[in-house]
Amino acid sequence: MSQPAFDLVVRNALIATASDTYAADIGIRDGRIVQLGASLAPGAREIDAEGRVVTPGGVDAHCHLDQPMEPPARMADDFDSGTRAAACGGTTTVIPFAAQEKGQSLRAAVDDYHRRANGRAHVDYAFHLIVSDPTPQVLNEELPALIAEGYTSFKIYMTYDDLKLDDGQMLDVFDVARKHGAMAMVHAENADCIEWLTKKLEAAGRTAPRFHAHSRPMLVEREATQRAIALAELVDVPILIVHVSGREAVEQIRWARSHGLNVFAETCPQYLFLSAEDLGLDNSYMGARCVCSPPPRDKRNQEIIWRGLADGLFTIFSSDHAPFNFDSPEGKKPGGEEVTFRHIPNGIPGIETRMPLLYSEGVLGGRITLNRFVELTSTNPAKAYGLHPRKGTIAVGSDADLVIWDERTLTLKNTQLHHNVDYTPYEGMTLKAWPAVTLAQGEVVWDEQGFHPRQGRGRFLACGLPTLVPRKSQEESL
Ligand code: URP
Ligand code: ZN
Ligand code: ZN
């Protein structure tokens, strides 16, 4: 008997890519898509999508997994639990950060991060770098060598004492990005303003979690965004501003685009679905769950972020999954104590909920098209970090990373999620969709039977250079 033509056929799919929506079967062999078309020959295995939407697997291009922390803080998710949660929520590629400590060589940070990831991931992964100590050795030798090896993006911080760079250091790092065609990502918040405000709040006894948002108002983000844009303009390099939270930073990015600058922008679920009120209206410590930076803003700012997602201002929608348990001495209660907002680890979980939240409220809520959803969650992050077309699309030759969507109503409960975090900030939300099946490299990782683990399925991906072309938002093209 002849061998089946395919290892797996996904039949009757309504395929959605960033540019098209059409009905076809998907033929998969050796973990790749090998044929698209009607009435494909039988496969060794078949899944009937029953006319449901099938998108490329998500690429979560901003998440933190097992990132070394200053004790007692410790991330709740490592490459095992983090990629498990990612897969169950429709994400099949993750790009967390190999973070350089000040005084440490960047190469040592990368080697350490490989040890943490190796053999543990259930879906493919690449690394961004975090450059916190741009010594001449780092700038002239380590970074160029690492870029050539497939670490083609690096994040720099304008805040956090242990990570922040000054303007001169930012210029130096941008210059390396320009010379080698890499992508520089910027956390834009003004450190001195935050410190000044934090001291004032502390002196007034205003130290509950909700005051975290008071210590980082929008102008702090606006000023740093504007400065990062100016520094990038001086060097003549594209940059990507990460986790944009509201109007004032958005205005700076629109200004940059309207002046022809290559400034890309990322936003995250917390700026659509949370507000400063989630940090608490009183002095309750429960608000610590939603402490992240920049902080969530208000309903009007949520609308501004939605508009930027719809009109093309934003390039990427990431989770910024930064997993800390709430009720833990390693998490939001350092050493077991309820601490002042300055000492609460920043970040919230969201790797599993990113895709379902945007599909539910964005696509099914009528705010963005299905194709734009694919572009924001998969295609653009793959292009920005040199993984396209292997990742981020449904095409012959691409990896068979797919999500079959189930459009049904469900109530989100942390007990149903697969991360190692003891809460979700979205507890109780009604969603309109969840992945029915997630395929990673043609293997079922998630379906109605649950999660199908295979640690080591996830491979390290060396990234190419970014292939992103800036797209004018509607307002800019008027
Ligand atoms: O609060 C946040 N966003 N924590 C994660 C680290 C970062 O800056 O992205
Ligand atoms: Zn950041
Ligand atoms: Zn982050």
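As a reminder, the structure under discussion sits directly above these lines.
If you're wondering where the values come from, they're calculated on a predicted model, not measured in any experiment.

So, how was this worked out
Residues numbered from 1 in each chain as written. Chains lettered and ligands numbered in written order. Predicted model: local features only at pLDDT ≥ 70, side-chain atom pairs only at ≥ 80, totals over all residues. Heavy atoms only, no water. Buried < 20%, exposed > 50% of the residue type's maximum accessible area, 1.4 Å probe, protein only. Helix = DSSP H or I, 4+ residues; strand = E, 2+ residues; numbered from the N terminus. Pairing = 2+ DSSP bridges. Donors = N, O, S within 2.8 Å, 3.2 Å for Na, K, Ca; no water. Tetrahedral: all angles 85-135°; square planar, octahedral: opposite > 155°, others 65-115°. Contact = heavy atoms within 4.5 Å. Axes fitted to C-alpha atoms, helices over the stretch in contact; angles between N-to-C directions. Near = heavy atom within 4 Å. Polar contact = N/O pair within 3.5 Å; in protein donor to acceptor, adjacent residues only side chain to side chain. Nonpolar A, V, L, I, M, F, W, Y, C, P; charged D, E, K, R; others polar.

A.B. asks: I'd love a proper account of the pairing of strand S19 (residues 434-440), names of residues and values included.
C.D. replies: Along any regular strand, the residues point their side chains to alternate faces of the sheet. For S19, the tally of buried residues reaches seven of seven residues, placing the bulk of the element in the interior. Summarising the sheet, strand S16 (residues 402-406) and S19 pair through five bridges and their orientation is antiparallel. The residue bridging Asp-406 from the neighbouring strand is Trp-434, located in S19. As paired strands, S19 and strand S20 (residues 443-447) are joined by three bridges and run antiparallel to one another. Note that in S20 the partner of Thr-438 across the bridge is Trp-446.

A.B. asks: Tell me about the coordination of the zinc ion (ligand 2), and please be specific about residues and values.
C.D. replies: On the protein side, the zinc ion (ligand 2) has Lys-155 (NZ), His-187 (ND1) and His-243 (NE2) as donor atoms, found 2.1 to 2.2 Å from it. Here the donor residues for the zinc ion (ligand 2) map to a single chain with the spacing K-x31-H-x55-H. Taken as a pair, the zinc ion (ligand 2) and the zinc ion (ligand 3) show a spacing of 4.0 Å. Note that His-187 is positioned in strand S12 (residues 183-187) and His-243 in the loop between strand S13 (239-241) and helix H8 (247-258), a separation of 56 residues in sequence. Taken individually, His-187 and His-243 each receive the classification buried, so the pair is uniform in this respect.

A.B. asks: Requested: an account of the coordination of the zinc ion (ligand 3), with residues and values cited.
C.D. replies: Metal coordination angles in their ideal form are 109.5 degrees for the four-donor tetrahedron and 90 or 180 degrees for the six-donor octahedron. Protein coordination at the zinc ion (ligand 3) comes from His-62 (NE2), His-64 (NE2) and Asp-320 (OD), with a distance range of 2.0 to 2.1 Å. Note that the zinc ion (ligand 3) binds four donor atoms; their angles at the metal cover 90 to 120°, and the shape is tetrahedral. Donor residues for the zinc ion (ligand 3) sit on one chain with the sequence pattern H-x1-H-x255-D.

A.B. asks: Go over the sheet that holds strand S11 (residues 153-157), please, and point to the residues and values.
C.D. replies: If you trace the seven strands from one edge of the open sheet to the other, you get S8-S10-S11-S12-S13-S14-S15, paired in parallel fashion. If you trace the sheet from one side to the other, it starts and ends with strand S8 (97-99) and strand S15 (316-317), each paired once. As paired strands, S12 and S13 are joined by three bridges and run parallel to one another. Counted as the bridge partner of Met-185 is Leu-240 from S13. Relative to S13, helix H7 (residues 218-235) is tilted by about 175°, and along the sheet it contacts S12, S13 and strand S14 (263-267).

A.B. asks: Go over the site of ligand 1, please, and point to the residues and values.
C.D. replies: In the vicinity of ligand 1 lie 13 residues, with Lys-155, His-187, Ser-293, Asp-320 and Asn-346 positioned nearest. Between His-243 and ligand 1, the recorded distance is 3.5 Å, taken from a side-chain N or O atom to an oxygen atom. Here an oxygen atom of ligand 1 and a backbone polar atom of Ser-293 are 2.7 Å apart. Of the residues belonging to the shell around ligand 1, the class tally is four nonpolar, seven polar and two charged.

A.B. asks: Run through the environment of Asp-192, naming residues and quoting values.
C.D. replies: Structurally, Asp-192 can be placed in helix H5 (residues 191-203). When the C-alpha atoms of Asp-192 and Cys-292 are compared, they prove to be 18 Å apart, with 100 residues separating the residues in sequence.

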